[in-house]
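Chains, contacts and geometry: an overview
If you want the building blocks of each chain, they are given just below.
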Amino acid sequence: MRLLITKIWNWWDVWLLKWCAFLFGIAAGAYFHAAVLPYVWVILVLAALLAIRPAIAYWKK
């Protein structure tokens, strides 16, 4: 299995990956903020769930 594969992405996979990056950025950027701190795990789990389908599509032949 090659790690880096040239692939034409589906618009849905790009959309999910962008939301994953957006939510991960919120969690990382606001980690010490009191209003976001209780929801850090929810945001990280949501980001991981959104990244699953693009990751499968990337490595699927």
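Residues numbered from 1 in each chain as written. Predicted model: local features only at pLDDT ≥ 70, side-chain atom pairs only at ≥ 80, totals over all residues. Heavy atoms only, no water.

Following the sequence through the fold, W15 ends up in helix 1 (residues 11–29). Counting along the chain gives 16 residues from W15 to Y31, while the straight-line C-alpha distance between them is 24 Å. (Helix = DSSP H or I, 4+ residues; strand = E, 2+ residues; numbered from the N terminus.)

Moving on to the UniProt feature "transmembrane region" (unreviewed entry) in the protein chain. When the UniProt feature table is mapped onto this chain, "transmembrane region" (unreviewed entry) is found at residues 12–33 and 39–59. As annotated, residues 39–59 comprises 95% helix and 0% strand, and the C-alpha atoms at either end are separated by 31 Å. (UniProt positions renumbered as here; feature names shortened; annotations may be inferred.)

With that settled, consider the packing of aromatic side chains. As enumerated under the stated definition, the model contains six aromatic pairs in all. For the ring pair Y58 and W59, a centre distance of 5.0 Å and an interplane angle of 85° mean the geometry is edge-to-face. Aromatic ring contacts, followed pair by pair, group W11, W12, W15, W19 and F22 into a single cluster. (Phe/Tyr/Trp six-rings, centres within 6.5 Å; stacked < 30°, edge-to-face > 60°.)

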